[in-house]
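Summary of structural features
Here is how the chains run, residue by residue.
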Amino acid sequence: MKKIVEQITKELSLRKPQALSLVKLDSILSNIKLRKESLDEIEAKLVGNIKFDTEFPSFTFALATGVGKTRLMGASIAYLHHKYGLKDFFILTPGETIYTKTIKNFTQGNKKYTLDGLTDFPLFNLITGENYEYSNFGNQLFDAINIYVFNIQKIFNERTDVEFKFHKYQETLGSSFAELLQKKDMVFLMDESHRYRGPKSIKAINHLRPILGLEFTATPASENVIYSYSLADAILDSKEALKSLGNGNGAKDGYIKIPYVIARSDDYTYQGDVELVKLEDGIRRHREKKVLIEEYCKNNKVPFVLPVTLVTTKSIQHAKDVKALIESDSFFKGYYKNKTLLVTSESEVDSINQLLHLEEPFPINKNEIVIHVDKLKEGWDVKNVYTIIPFRASISKTLIEQTIGRGLRLPFGELTGIETLDSLDIISHDNFAKVLSVAHEVAEGIEVKKADKREDLNTVEIKPTSDKSLLIEVPAIETKVYSTNDIAYFPIKVTLEELKKITPKLIKADIVSEQTEDIEKIEFKDEINPVNRIVRMIILEMTEFDISHKSILQKIVKHYLEQLKVEDSDLSKAIRLHEQTILNDILSQLKKKLQEKTKIEHKTSDEHLVFGPYFKSIKSSSKPLDKDKVDDSEIVDNILEGYKKSVYQAYIFDSVPEKILADSLEKDRAVISWLRLRNGQLPIKHIYGNYNPDFIVKTKDTNYLVEVKDKSKLDNKDKDVFQKAGQAREWCEIATKATGKKWVYKLLPHTTINKVDSFKGVISSAYKFE
């Protein structure tokens, strides 16, 4: 049955936290008997002191906002149907906004259909609070798959002596709707489940007699959490993914924007209107992001995403005053007139409709700023919110949590690798210390950035030369990555020094004196064999493995544990105390072994690289500079023009050595043409993602791919650098066969780049591969 989980994971392209949640659910349900075991019996079988506050077993997935709770909900429905044959799934939402969104998510044909991708999930009835009374459902509800979507208000009755509005007898159904549901083996799925912990909500839910509950929330309020992926986890993963992208690697585990609290580094209060300063700083950040988004979309040929700034105000009148200020002629010369949306409890239908279309392209949506009082909470999550300016006086954990959550989603579905576009800015000059303190409590890892006055950016177009003799014939090479889940026994080692000798004891520290002392050994109940315990966690953590790998994993883990300097009688205790450290050490070596078996194959196509225009964002005040008349301080981030032998006659360099090398290529008579590649222009696939070399150089007999690297990375044999180099060298072999002209890869230490040497002299100092 593991294959069901794997199939759903692949077909729905589940992210790692979603996939691990499904694996955890499968593991738990495989060991319990729904309907046949009491809650006490089920609780006794569960690891982690799980407790139910419902009259049926219910499990919570605590996933950070933006990670994809709705997708996991759909995956869970597909899994429960395929493995257990369940047909009835009741989705409960807390309010009208999430209710409406959820109906769209489960409407086939909608562009946000959450089950899109499943190959064999049958057609189903979608029953809502608006259509459940229709007579044609009466004969279908017992024979088909039914997905019910209701919000909590629709299942309550305003009277205190009954639980439901749909409790009355209906002739078309032969019973009340509630009684009909009670007869089913129904799964109850609760979105934002922390909103249903009140006595009346629990009573109403219990009344429907579901056999299983699944709860989805970023802020769990019960003791039934079986999988947790917190905001802090998500931020850390996005930071690591952004770092990986910056190094030219892929980024699989970044799912949200990275939130930053923005503060002023100066004493801005002397300027008078504190709110105006805060607004201006926030909108400058907004304008910078807008220009960078335009550049990104044009270069990557994706639809333009209009960024949105969200302003949270103190009252309806305050919201109106802020809107008047933003739309005034004095605020950025009146640019935001008719581009600012006000949403309050007094808002007209037209304003609400505009709110629902904020993700749509221009001219369907033209609003760049949304002002609200307390209207936009859970469920209002548009992907293009990049900046948040809170003016609320009160600062609570819930408020900060809701504020951050409104802007975490990724508008392009993945991180871009551009820090400014992969971040959410929360402008908080006043109340800064309090906001940061509460934000740190919500998610450790939120950082501070200084909001010094910033200059607007403009997007400029850089066109290729019209001289066709300078164009370089670069073959388009298709790449396929072949990976395997097969693992053979290998002599795994304990690589971490702290694990070479571990003792089963705890240490406590006085937070004032920082003195430490040992605590007596804690007795653990040895629930399962320590080898099996580690193997089980490996299978839960790595989706590449399933129960069929158990035997070989047991041998590997057994060999690992035998290297720990611990008496057999203390082994279980030691593992429990150092569990995560041990697991991480084993996982890293297992992943490395799988990567060793990953194969990359290159194949030429009939197409060639097209040198089209590209776009770059620069400061509005920047003017093109003559490449021969700039000093080193002017090289980075300015347009330098005047190149006659290059595919492009102007460039924006990221470093001084790049410009020095470009000038050398320009002067060298042996160089016919050259090109400084922009990111993504010539991606070469490797195990960890795509690699983009720095330059292409064309000479009479040879074309060169050139990469300039920090010499220390070459001296230290940086694994990532040489893995990329290996794929680039293989790419050159394929390109040589395809074009009939020799292609060679050169890896240059940055210390070899100077203003004197010819290109031949520079490459003579390139790294010598064995």
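Keep in mind it's a predicted model, so treat the numbers as computed, not measured.

1. A look at the overall build of the protein chain
Check the secondary structure of the protein chain and you find 22 helices and 31 strands. Relative to its full complement of 770 residues, the protein chain shows a buried share of 52%. When contacts within the protein chain are restricted to residue pairs at least 6 apart in sequence, long-range pairs at least 24 apart make up 72% of them. A total accessible area of about 37,200 Å² is found for the protein chain, and carbon and sulfur atoms account for 48% of it.

2. Observations regarding the pattern of salt bridges
What the rule picks out here adds up to 26 salt bridges. Between D654 and R676 there is a salt bridge, with its nearest N and O atoms 3.0 Å apart. Placement of the pair is D654 in the loop between β25 (650-652) and α19 (656-667) and R676 in strand β26 (residues 671-676), with a sequence separation of 22 residues. Residue classification places R676 among the buried residues on the basis of a relative accessible area of 13%. Between D720 and K724 there is a salt bridge, and its shortest N-O distance comes to 3.2 Å. Of the two residues, D720 and K724 both sit in helix α21 (residues 719-739), 4 residues apart, roughly one turn of that helix. Both residues of the pair, D720 and K724, belong to the buried class. What emerges from the salt-bridge pattern is a single network uniting D53, R197 and E215.

3. Some details on the sheet that holds β26
Across the sheet, 4 strands lie side by side as β26-β29-β30-β31; this open sheet has mixed pairing. Looking at which strands have only one partner, the edges of the open sheet turn out to be β26 and β31 (742-749). Going across the sheet, the axis of each strand differs from the next one's by a mean of 20 degrees, ignoring polarity. Bridge count for strand β29 (residues 695-699) against strand β30 (residues 702-709) is 4 bridges, and the pairing is antiparallel. Following the sheet pairing, F695 is matched in β30 by V706.

4. So, the pairing of strand β1 (residues 58-63)
Judged by how many residues are buried, β1 sits mostly within the fold: 6 of 6 residues are covered. Every second residue of β1 is oriented toward a common face, with S58, T60 and A62 on one face and F59, F61 and L63 on the other, all of them buried. Pairing of β1 with strand β8 (residues 212-217) involves 5 bridges; the strand directions are parallel. Within β8, the position partnered with F61 by the bridge is F216.

5. Looking at the packing of helix α2 (residues 16-29) against helix α15 (residues 530-541)
Running from amino to carboxyl end, α2 crosses α15 at an angle of 135 degrees, the nearest separation of the two axes being 9 Å. In terms of orientation, α2 lies oblique with respect to α15. Together, K16, L20, V23, K24 and S27 of α2 and I539, L540 and E541 of α15 make up the contact between the two elements. When the residues that make up the contact of α2 with α15 are grouped by side-chain class, the tally is 4 nonpolar, 1 polar and 3 charged.

6. What about the sheet that holds β25?
Pairing within the open sheet is mixed, and its 3 strands lie in the order β23-β24-β25. With partners counted over all chains shown, the strands left at the sheet margins are β23 (625-626) and β25, one partner each. One ladder, built from 3 bridges, connects strand β24 (residues 639-641) with β25; its direction is antiparallel. Looking at the pairing, E641 lines up with A650 of β25.

7. Topic: the packing of aromatic side chains
Following the criterion strictly, the structure yields 28 aromatic pairs and no others. Taking 5.3 Å as the distance between ring centres and 85 degrees as the angle between the ring planes, the aromatic pair formed by W731 and W743 counts as edge-to-face. Residue W731 is found in helix α21, and its partner W743 is found in strand β31; the two are separated by 12 residues along the sequence. Put simply, the rings of Y614, Y643, Y648, Y651, F653, W674 and F695 touch in pairs and so form one group of aromatic residues. One residue, K257, lies across the ring of Y386, its end atom 4.8 Å from the ring centre.

8. Points about the confidence of the model for the protein chain
The predicted model of the protein chain averages 81 in pLDDT, with 80% of residues at 70 or higher. Low pLDDT (under 50) marks residues 157-164, which in the prediction has 16 contacts with non-local residues, meaning those over four places away or in another chain. Low pLDDT, under 50, characterises residues 504-526; the predicted model gives this stretch 32 contacts beyond four residues in sequence or across chains.

9. Section: the environment of S765
Within the secondary structure, S765 sits in the segment after α22 (759-763). Classification of S765 by relative accessible area gives partly exposed; the value is 36%. When the C-alpha positions of S765 and K746 are compared, they lie 9.4 Å apart, and in sequence the two are 19 residues distant.

10. Re the side chain of Q18
Structurally, the position occupied by Q18 is in helix α2. Given a relative accessible area of 3%, Q18 falls into the buried group. A polar contact is formed between the side chain of Q18 and the backbone oxygen of V67, at a distance of 3.4 Å. Setting aside chain neighbours within four positions, we find Q18 in contact with V67, G68, R71 and L72.

11. What about the environment of E295?
Mapped onto the fold, E295 is located in helix α10 (residues 274-300). Remark: the alpha-carbon pair of E295 and T459, spanning 164 residues in sequence, is separated by 6.3 Å. In this view, E295 contacts T459, F615, K616 and S617; residues no more than four positions away in its chain are not counted.

12. Structural notes on the side chain of D425
Position of D425 among the secondary structure elements: in strand β15 (residues 423-427). Judged by relative accessible area, which is 0%, D425 ranks as buried. Setting aside residues no more than four positions away along its own chain, D425 makes contact with Y260, I262, R285, K289, Y386, T387 and I388.

13. Details of the nonpolar core
As a rule of thumb, soluble globular proteins bury nonpolar side chains together. Judged by nonpolar contacts, the single largest core of 93 residues is most densely connected at F59, F61, Y79, L80, L189 and L214. In this structure, I472, Y643, L661 and L675 belong to the second largest nonpolar core, which totals 56 residues.

14. Looking at the packing of α10 against helix α11 (residues 316-326)
Relative orientation of the contacting elements α10 and α11 amounts to 60 degrees, with a least axis distance of 12 Å. Judged by the inter-axis angle, α10 sits oblique to α11. In terms of crossing hand, the pair formed by α10 and α11 is right-handed. Between α10 and α11, the contacting residues are E275, L276 and L279 on the first element and H318, V322, L325 and I326 on the second. Residue classes in the contact of α10 with α11 are distributed as 5 nonpolar, 1 polar and 1 charged.

15. Section: unusual backbone geometry
Of note in the backbone geometry, R35 takes a positive phi value of approximately 75 degrees without being a glycine. Considering the arrangement of structural elements, one finds R35 in the loop between α2 and α3 (39-45). The exposed category is assigned to R35, whose relative accessible area is 52%. Positive phi, close to 55 degrees, is recorded for K301, a residue that is not glycine. One can find K301 in the loop between α10 and β11 (308-312). Relative accessible area serves as the criterion here: at 72%, K301 is assigned to the exposed category.

Definitions and limits used
- Residues numbered from 1 in each chain as written.
- Predicted model: local features only at pLDDT ≥ 70, side-chain atom pairs only at ≥ 80, totals over all residues.
- Heavy atoms only, no water.
- Helix = DSSP H or I, 4+ residues; strand = E, 2+ residues; numbered from the N terminus.
- Buried < 20%, exposed > 50% of the residue type's maximum accessible area, 1.4 Å probe, protein only.
- Contact = heavy atoms within 4.5 Å.
- Areas by Shrake-Rupley, 256 points an atom, 1.4 Å probe, with all protein chains shown as cover.
- Salt bridge = Lys/Arg side-chain N within 4 Å of Asp/Glu carboxyl O.
- Pairing = 2+ DSSP bridges.
- Axes fitted to C-alpha atoms, helices over the stretch in contact; angles between N-to-C directions.
- Parallel < 35°, antiparallel > 145°, perpendicular 65-115°, else oblique.
- Nonpolar A, V, L, I, M, F, W, Y, C, P; charged D, E, K, R; others polar.
- Phe/Tyr/Trp six-rings, centres within 6.5 Å; stacked < 30°, edge-to-face > 60°.
- Lys NZ or Arg CZ within 6 Å of the ring centre and 35° of its normal.
- pLDDT = per-residue confidence, 0-100.
- Polar contact = N/O pair within 3.5 Å; in protein donor to acceptor, adjacent residues only side chain to side chain.
- Core = buried A, V, L, I, M, F, W, Y, C linked by side-chain atoms within 4.5 Å.
- Left-handed = near helix turned anticlockwise from the far one by under 90°.

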